[in-house]
Amino acid sequence: MLKKTVIVRPELCVGCMQCMIRCAQAHSQSKSLACAIREEILAKPRIHLGVGPENKPFPNKCRHCEPAPCQEACMPWAIRDDIAQGLKIVDPTRCIGCGMCAMACPYYVIRFYQDAGAPERPSVAVKCDGCHERVAAGAIPACVAACKTGALTFDEVNLYLKQGTNRLANAVYGVKA
Amino acid sequence: MGKRDLSEYSICKDAQAMIAKAREDGVETVWDRLREQEPHCGFCELGLSCRNCIMGPCRIDPFGNGPQRGVCGADADVVVARNFGRMVAAGAAAHSDHGRDLIETLLAVGEGTTADYGIRDEAKLRRIAEEVGLAVAGKDAKAVALELAEQFFNDFGCRRGSISFIDRVPAKRRALWEKVGITPRGIDRDVVEMLHRTHMGVDNDAVNICLHAARLSLADGWGGSMIATEVSDILFGTPTPRTSKVNLGVLKADQVNILVHGHSPIVSEMILAAVHAPALLAKAKAAGAQGINLAGLCCTGNELLMRQGIPMAGNHLMTELALVTGAVEVVVVDYQCIMPSLVTVAGCYHSRIVTTSPKAKFTGATHIEFDVHNARQKAVEVVELAIERFKVRDAGRVEIPVEPVEVMTGFSNEAVLAALGGTAAPLIEAIKAGKIRGAVGIVGCNNPKVKQDYQNSNLIRECIKRDLLVLVTGCVTVSAGKQGLLMPAAADLAGPGLSEVCKALGIPPVLHVGSCVDNSRILQLCGMLATALGVDISDLPVAAAAPEWYSEKAATIGLYAVASGIFTVLGLAPPILGSKVVTDLAVSGLEGVVGASFAVEGDPVKAAELIDARIRVKRTALGLTP
Ligand code: SF4
Ligand code: SF4
Ligand code: SF4
Ligand code: SF4
């Protein structure tokens, strides 16, 4: 089976923050927006918008690197790769909130909050888990489902790049896509 | 429309068949577009986005992570309240501007400047004029019409203390409104004031904004909408019981089919007059048609159904599908709830959309503008266009999927009282005896987010089972009618008490009382019952529900029901959940302020249980059996 992943095209992003709100909803206990915003420990988004020159938005999320610098920096082995294939997922019950992962991550995609997965801990690392539960159930990641502009897509990288190659070929030969 | 099963979209056979045909014909419908939009904007869904100025637009993060205030400093409560206030104002504006158009017609009749319209119920004209304090003795109908029109115009401004029909409100309710400060002052005034208050930097207290929303909704319910109802009766006749038919089966394969869609009777009544003109019938026959068939959609359909027994082709979600039959020559529209997509759908067949109002033009439609001076002539043009379109109809693409179902209609308050022998006393007796445990107004729209007609029709079934008399208006009329619930035989589905009363009177357990502005008839009836019993409306064993609502107007109706003291169950939540203050006010706090509140429940059985529990409490408090 081809492995799909979230592909980001920042040039298409309009900064609507839908990916953030739907990400938080997808990681809530209730999964419904109206109830999620009333949970005791609020779920947090795992995709973030950076602000570039002239207010240009920049959607930013975990790349699920291999090898992953965050994982290598994590002493209690809280960043696991045995939960879903190809995904680096924080296990909040193991995380001690030391922040090493965030220092090691070159993309600034980790944040620290109290998490319903380990409510006794004041603050643990929170980051993208590839929406592995949704994907296992046949859905696509919540951020991709929310994005109306095509800035986020869920695809197999090489297929996606192949399509890009074809677009480029058409552009070079002057054919309108 | 994806691969979802047809039964997920609608419980109606005609809808299912036409959705399948739309797929085959490559026609995009409301359900396709909903799918494209989902998931919706989460901020807007919660009411947490603000576009009221260009320091913004702003969003409040409901997960507490991002911004908690707009650029101006407005928090979630203020943003939600301002948005909701504007929503209610838009709904009140729509109903009331429709009401104003009727007053303009009444004025033209009074001034003698129109030959096309007249007074069909002079007794009602005189009765209403007297009710609002005009001296009518010795004056002819025109003079009374003129004075009444002027009186009603004044209700839109603010020169007097309050609106004309304020005396229909029971004394206890009026005193409560005075105490809370929500007595409506003027229809336009209260709507405009909401726009003012929600400008940046005016009203920044969520509760204060919501109370004004309540006031302006009352200006609609007891003002703009009530005027629309009463003047429509004066001009076109007060409805009396009659039977007719509903669903797409009312279209006729061998006739020119014209549908009226929109809200006001001003245009649709003229179309009705034109389709009976012998010259046009002759033209239709010459074009190969057996006749000219007129049917309604949405509320202007309700207006014609109530007064003239004209059949109804469908409700909100049937408007595109009616065109997909391929059998519709022309849809004549006035305003409100007309999906802009109709022009595109019509373009996939031989159909034409005809717009008639200068305030509601649709790019790509045929505009034939109606006014009080030319209406009859313009209606003839519309029918002629329909006959021309009939000639190019492709019979191979026509599919009329079902046989029509019979409905009983026409239950104006006047008709109900007449059936009861002139007074509400027998109704009150039946309520006291527990044969009729209470009454529920089930009103509102369709919404593609829920299975069409499922919640509307099943809530009705659950209510009548519990001996609750149901009154329907608007799109719920068709939901009920298609399921056979608007016929006296439906009494067999009612509880024993209600069934007995219905059978004795020969009426259905579900009474069709009109269009959406005619919810004012329900208000008036509640006012009469409360006054007769010497109590407040909030003491009555009554409730309201809008199970499949979609529109700003429905939000206004819900709020004026609650502000009038009627517990109201909504099938879908309004965009207020982003604010705890506003949500708590809506679902509980209002109870302590106006004696009623909202509930949100999408399951018809659970909604009926909420209504039932409410009615038990009210009956017990009145010293009746629960
Ligand atoms: S958190 Fe950073 S380092 Fe770790 S896998 Fe994601 S992108 Fe790579
Ligand atoms: S913060 Fe948690 S996940 Fe990150 S390195 Fe420390 S223990 Fe590991
Ligand atoms: S949903 Fe798409 S367009 Fe909106 S902020 Fe996220 S990436 Fe950008
Ligand atoms: S009124 Fe306030 S919240 Fe609304 S857009 Fe302007 S600054 Fe933002």
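To keep things clear, this report deals only with the structure shown in the data block. (Residues numbered from 1 in each chain as written. Chains lettered and ligands numbered in written order. Predicted model: local features only at pLDDT ≥ 70, side-chain atom pairs only at ≥ 80, totals over all residues. Heavy atoms only, no water.)

**Brief notes about the interface of chain B and chain A**
Contact residues are listed per partner, giving 20 residues for chain B and 22 residues for chain A. Both faces considered, chain B and chain A share a buried interface measuring about 1600 Å² in area, 61% of it formed by carbon and sulfur atoms. When the buried area of chain B at its contact with chain A is split by residue, Pro-39, Phe-63 and Asn-65 of chain B rank highest and sum to 43% of it. The interface formed by chain B and chain A includes one salt bridge. Here Arg-22 of chain A and Glu-45 of chain B are joined by a salt bridge, their closest N and O atoms 3.0 Å apart. For the interface between chain B and chain A, the tally reads 12 residue pairs in polar contact (both at pLDDT 80 or more). (Contact = heavy atoms within 4.5 Å. Buried area = accessible area lost by both parts, 1.4 Å probe. Salt bridge = Lys/Arg side-chain N within 4 Å of Asp/Glu carboxyl O. Polar contact = N/O pair within 3.5 Å; in protein donor to acceptor, adjacent residues only side chain to side chain.)

**Looking at the pattern of salt bridges**
Residues and elements named next belong to chain B. With the rule as written, the count across this model stands at 50 salt bridges over all chains. Between Arg-185 and Glu-193 there is a salt bridge, with the nearest N and O atoms lying 2.8 Å from each other. The residues Arg-185 and Glu-193 share a single accessibility class, namely buried. Among the salt bridges present, the one from Lys-465 reaches Glu-462, with a minimum N-O distance of 3.1 Å. Placement of both Lys-465 and Glu-462 in helix 18 (residues 454-465) is noted, with a separation of three residues, approximately one turn of the helix. You can call Glu-462 buried: its relative accessible area is 12%. Taken together, the salt bridges that share partners define one network made up of Lys-124, Arg-127, Glu-131, Arg-168, Glu-230, Asp-233, Glu-303, Arg-307, Glu-414, Asp-518 and Arg-521. (Buried < 20%, exposed > 50% of the residue type's maximum accessible area, 1.4 Å probe, protein only. Helix = DSSP H or I, 4+ residues; strand = E, 2+ residues; numbered from the N terminus.)

**As for the site of ligand 2**
Ligand 2 sits among 13 residues. The nearest are Cys-74, Cys-95, Cys-98, Gly-99 and Cys-101 of chain A. Grouping the constituent residues of the shell around ligand 2 by class yields 11 nonpolar, two polar and no charged. (Near = heavy atom within 4 Å. Nonpolar A, V, L, I, M, F, W, Y, C, P; charged D, E, K, R; others polar.)

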